[in-house]
Amino acid sequence: MTTAQTTKPLLQVAKISHSFGGLHVLRGVDFGVSAGSITGLIGPNGAGKSTLFNIISGFLTPQHGSVQFDGRDITRDPVQTRARAGLVRTFQTPKVFAKLSVRENLMLGCYRHLSSGVGGNMLRSRRSRLEIEQMQAQAAETGERFGLGDVMERPAGQVPAGRQRIVELARGCVTAPRLLMLDEPSSGLNTTEIEQLRELLRQLNSEGITIVLVSHDMRLVDVASRVHVLCFGSIIASGAMEQIKRDERVREAYLGI
Amino acid sequence: MSPVRHAIVWSVALALWVALPFVATRHVVDLLVFAGLYTIAGLGVAFLLGQCGIVSLAQSVFYGIGAYCAAWFCVQKGLPSPVGMAAGIVLSTSIAALVGWPILRLSGYFLALATLALGIIGQVLFLEWDGITGGTLGIGGIPRIAPFGFAFDTPLRFYFLVWPIALLLLALHHNLLHSRNGLALRAMRDSPEAAAVLGVDIHRLKVQMFVLSAALGSLAGGLFAHYVTFVSVDSFAIDRSISFLLLAVLGGVYTVWGPALGALFITILPQWLSRLGDIHAFVFAAALIAAVILLPEGFGGAIRNWWRARAAK
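Keep in mind that this is a model prediction, so the values were computed, not measured.

## Considerations on the overall build of chain B
Moving on, step 1. Counting its regular elements, chain B contains 14 helices and 0 strands.
Moving on, step 2. Starting at the N terminus and ending at the C terminus, chain B contains elements arranged as α-α-α-α-α-α-α-α-α-α-α-α-α-α.
Moving on, step 3. Here chain B has a C-alpha radius of gyration of 20 Å; the compact-globule value for 313 residues is 20 Å, and the two agree.
Moving on, step 4. In terms of overall dimensions, chain B has a C-alpha envelope of 55 × 50 × 45 Å along the principal axes.
Moving on, step 5. Within chain B, the proportion of its 313 residues that are buried is 49%.
Moving on, step 6. Within chain B, residue pairs in contact and separated by at least 24 positions form 76% of the contacts whose partners lie at least 6 positions apart.

## A few points about the interface of chain B and chain A
It is common to give the size of an interface as the accessible area lost on bringing the parts into contact.
Moving on, step 1. Each partner contributes to the interface: chain B provides 23 residues, whereas chain A provides 28 residues.
Moving on, step 2. Grouping the amino acids of the side of chain B that touches chain A by side-chain chemistry returns 11 nonpolar, 7 polar and 5 charged.

## A few points about the domain arrangement of chain A
Residues and elements named next belong to chain A.
Moving on, step 1. Here chain A is described as being made up of domain 1 (1-86 + 177-257) and domain 2 (96-176).
Moving on, step 2. Computed over C-alpha atoms only, the centres of domain 1 and domain 2 are separated by 26 Å.
Moving on, step 3. In this complex, domain 1 contributes 9 residues to the contact, which on the side of domain 2 involves 9 residues.
Moving on, step 4. Elements with a contribution of two residues or more to the side of domain 1 that touches domain 2: α3 (79-84) and α8 (191-206).
Moving on, step 5. Along the lines of polarity and charge, the residues of the side of domain 1 that touches domain 2 split into 6 nonpolar, 1 polar and 2 charged.

## Quick look at the sheet that holds strand β4 (residues 64-69) of chain A
Residues and elements named next belong to chain A.
Moving on, step 1. Strand order in the open sheet formed by 4 strands is β2-β1-β4-β5, and the pairing between neighbours is antiparallel. The open sheet has two free edges, formed respectively by β2 (23-34) and β5 (72-73), since each of these has just one partner strand.
Moving on, step 2. Pairing analysis gives 8 bridges linking strand β1 (residues 9-20) to β2, with the strands arranged antiparallel. Its bridge partner lying in β2, H18 is registered against L26.

## So, the pairing of β1 of chain A
Residues and elements named next belong to chain A.
Moving on, step 1. Once β1 ends, the chain turns through 2 residues before running back antiparallel as β2, passing G21 with a positive phi of about 65 degrees.
Moving on, step 2. Of the strand pairs in this sheet, β1 and β4 are connected by 5 bridges, and their pairing is antiparallel. Bridge pairing in β4 places L11 opposite F69.

## A look at the nonpolar core
Moving on, step 1. By size, the foremost hydrophobic cluster in this structure holds 166 residues, and its most contacted members are L37, A71, A184 and V200 of chain B.
Moving on, step 2. A per-element tally of this core places helix α10 (residues 202-228) of chain B first, with 16 residues.
Moving on, step 3. Domain assignment of the residues forming this core places at least three in each of domain 1 (1-86 + 177-257) and domain 2 (96-176) of chain A.
Moving on, step 4. Aside from chain neighbours lying at most four places away, what touches L37 of chain B is V162, A220, L223 and F224 of chain B.

## Some remarks on unusual backbone geometry
Residue and element names in this part refer to chain A.
Moving on, step 1. In this structure, D70 takes a positive phi of about 55 degrees despite not being glycine.
Moving on, step 2. In this structure, D70 sits in the loop between β4 and β5.
Moving on, step 3. Even without a glycine there, the phi angle at F232 is positive, about 45 degrees.
Moving on, step 4. Owing to 15 C-beta atoms within 10 Å, F232 belongs among the partly exposed residues under this scheme.

## A look at the sheet that holds strand β3 (residues 38-42) of chain A
All names here are of chain A.
Moving on, step 1. Strand order in the open sheet made by the 6 strands is β6-β7-β8-β3-β9-β10, with mixed pairing throughout. Looking along the sheet, the strands with just one partner apiece sit at the ends: β6 (87-89) and β10 (234-239). The sheet shows a mean angle of 20 degrees between the axes of neighbouring strands, direction not considered.

## Here's the deal with the pairing of β10 of chain A
All names here are of chain A.
Moving on, step 1. Pairing geometry for strand β9 (residues 226-231) and β10, over 5 bridges, is antiparallel. Each bridged residue has a counterpart across the sheet, and for V229 the counterpart in β10 is A237.
Moving on, step 2. Taken together, β9 and the strand that follows it, β10, pair antiparallel across an intervening segment of 2 residues, in which F232 is found at a positive phi of about 45 degrees.

## Quick word on the environment of L118 of chain B
All names here are of chain B.
Moving on, step 1. Turning to its location among the elements, L118 is positioned in helix α5 (residues 108-128).
Moving on, step 2. A C-alpha to C-alpha distance of 40 Å links L118 and L16, two positions 102 residues apart in sequence.
Moving on, step 3. What L118 contacts, discounting residues up to four positions off in sequence, is A58, V61 and V99.

## Quick word on the confidence of the model for chain A
All names here are of chain A.
Moving on, step 1. Put simply, chain A has an average pLDDT of 91, and 96% of its residues get 70 or more.
Moving on, step 2. Here helix α1 (residues 2-6) is the element of chain A with the lowest mean pLDDT, 46, and helix α4 (residues 102-107) is the one with the highest, 97.
Moving on, step 3. This stretch, residues 1-5, has a pLDDT under 50; its non-local contacts, to residues over four places away or in other chains, come to 6 contacts.

## Here we look at the packing of helix α12 (residues 258-273) of chain B against helix α14 (residues 298-312) of chain B
Residues and elements named next belong to chain B.
Moving on, step 1. In contact at an axis separation of 7 Å, α12 and α14 are set at 125 degrees when each is read in the N-to-C sense. Classed by the angle they form, the pair α12 and α14 counts as oblique. For the pair α12 and α14, the crossing hand works out as right-handed. Here α12 contributes G258, L261 and G262 to the contact with α14, which in turn contributes G298, F299, G300 and G301.
Moving on, step 2. Of the residues belonging to the contact of α12 with α14, the class tally is 2 nonpolar, 5 polar and no charged.

## Let's talk about the packing of helix α3 (residues 59-76) of chain B against α10 of chain B
Residue and element names in this part refer to chain B.
Moving on, step 1. Look at α3 against α10: their axes get within 6 Å of each other, and the N-to-C directions meet at 45 degrees. As judged from the angle between their axes, α3 and α10 are oblique. For the pair α3 and α10, the crossing hand works out as right-handed. Here Q59, F62, Y63, G64, I65, G66, A67, C69, A70 and A71 of α3 come into contact with α10, specifically with A214, G217, S218, L219, A220, G221, G222, F224, A225 and H226.
Moving on, step 2. Residues that form the contact of α3 with α10 fall into these classes: 12 nonpolar, 8 polar and no charged.

## Topic: the confidence of the model for chain B
Moving on, step 1. Averaged over chain B, the pLDDT score is 93; the fraction of residues at 70 or greater is 100%.
Moving on, step 2. Both confidence scores are given for the complex: pTM 0.92, ipTM 0.91.

Procedures and definitions
Residues numbered from 1 in each chain as written. Chains lettered and ligands numbered in written order. Predicted model: local features only at pLDDT ≥ 70, side-chain atom pairs only at ≥ 80, totals over all residues. Helix = DSSP H or I, 4+ residues; strand = E, 2+ residues; numbered from the N terminus. Rg over C-alpha atoms; globule rule 2.2 N^0.38 Å. Buried ≥ 20, exposed ≤ 12 C-beta atoms within 10 Å, placed from the backbone. Contact = placed C-beta atoms within 7 Å. Nonpolar A, V, L, I, M, F, W, Y, C, P; charged D, E, K, R; others polar. Domains from an automatic or database assignment. Pairing = 2+ DSSP bridges. Core = buried A, V, L, I, M, F, W, Y, C linked by C-beta atoms within 7 Å. Axes fitted to C-alpha atoms, helices over the stretch in contact; angles between N-to-C directions. pLDDT = per-residue confidence, 0-100. Parallel < 35°, antiparallel > 145°, perpendicular 65-115°, else oblique. Left-handed = near helix turned anticlockwise from the far one by under 90°.

See the structure below:
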């Protein structure tokens, strides 16, 4: 990963400002995410983390500033275009396809890499059949890896909330993302599960997936090589977690110590 | 179910399907033909509603375009029937794409109202453009479909044309539902945001489904014109769209073959009840209400749930 980290940033957020009515949620946020890294984004409630996430993933167009992914300006690209380029996110409240089985949820992770059309699908073209096989193989493999083997055939909406988060994460991994953005991935998990999640994120990272992580949970954010602290719409500190913990402003604003 | 029992069930179903029009009266076979036509048009409406959450009240327009193209090209231009039907499908799908692209940005009631507007505009234009449609007088003398000199000119013969087409289309939609794009459709029904995050272009997929639905409506309309040999504006009013939506809801929009059951219900039952005399409309209305209340997922959904419960035992 050391070679990847020295290259130019995979994601570059520049001078992002956004307000809802009179409320300035983001005020000129700048930060970069280098390829191959794990980047943490922390901050108190209402700091603008979710808004920033929505702007990066395409659910919101910022009033000012730009987002670049792999050197290309994606500020105005729709969500699915960014997803096809390899920018994939999860949600704070997990969004699984409730009526689809866990297996089908995972299968859909392959969508961005496949190309069969509606007509070919109706006629069960060769490509269409091969794609389904490919999707099933990927789903089985990833399901096994994430310990979902016992719930593969259950509708995802009927799986316990904590495991829905795992389903969503697993589905994100099936997409083979270049950048995986995780929104509060540890909420609802117990200490052991958080430990497993840390290990999993390290593993995924070592396989070449760049990760951006929003979390309140210091036990998880530790896994990040670089952390940005967002407070009232501005980044007040950036650096390694150890540095951040010593920063006066951060302690005052956020850590409360 | 074992393969042998599977084969037996299908063989019996096939035998019943073949035998039915020979034992039924000509009038009933005529109704069964209409049920076949409505299955095709209703399948489009049901697929939009069940898989994309789109309420379409525009299907009568595409049904009408299919019928008028079949009539106009055959009667005015003397061209063979496949040309007219193909022209209807091309015109319908083009209109669906052009109109669908902007209106499918809407959702819920607003989208339903937009499709209703399309239905009403169609109804008015069919009446006003009487140079092409014949207005209230309509167009008569539409030739039968007669490939290689064999004319589908009786209800019995047409039954063996329309139902294989309907069943083929049901099978194609079944395939679609179990493919890459079918999965994406079902996914976006549950969570559009999550589907977009996986790279699904929701708007584009919705437009494609609207165009497909229009093609089905147009095909059904073309077959209808060649079956009854006379078309007039009365057949393509907004109440036709409501019938298509009704049969979709009754039959069940979450199963592919539900529309066939819905179509049989709304064509056969009113006729069968009519022997009760004046009260039959009330009885039919009561049956509709009962069906909707007692079977929220339609006949198809009820049968599927029953089957699954049985399999689980």
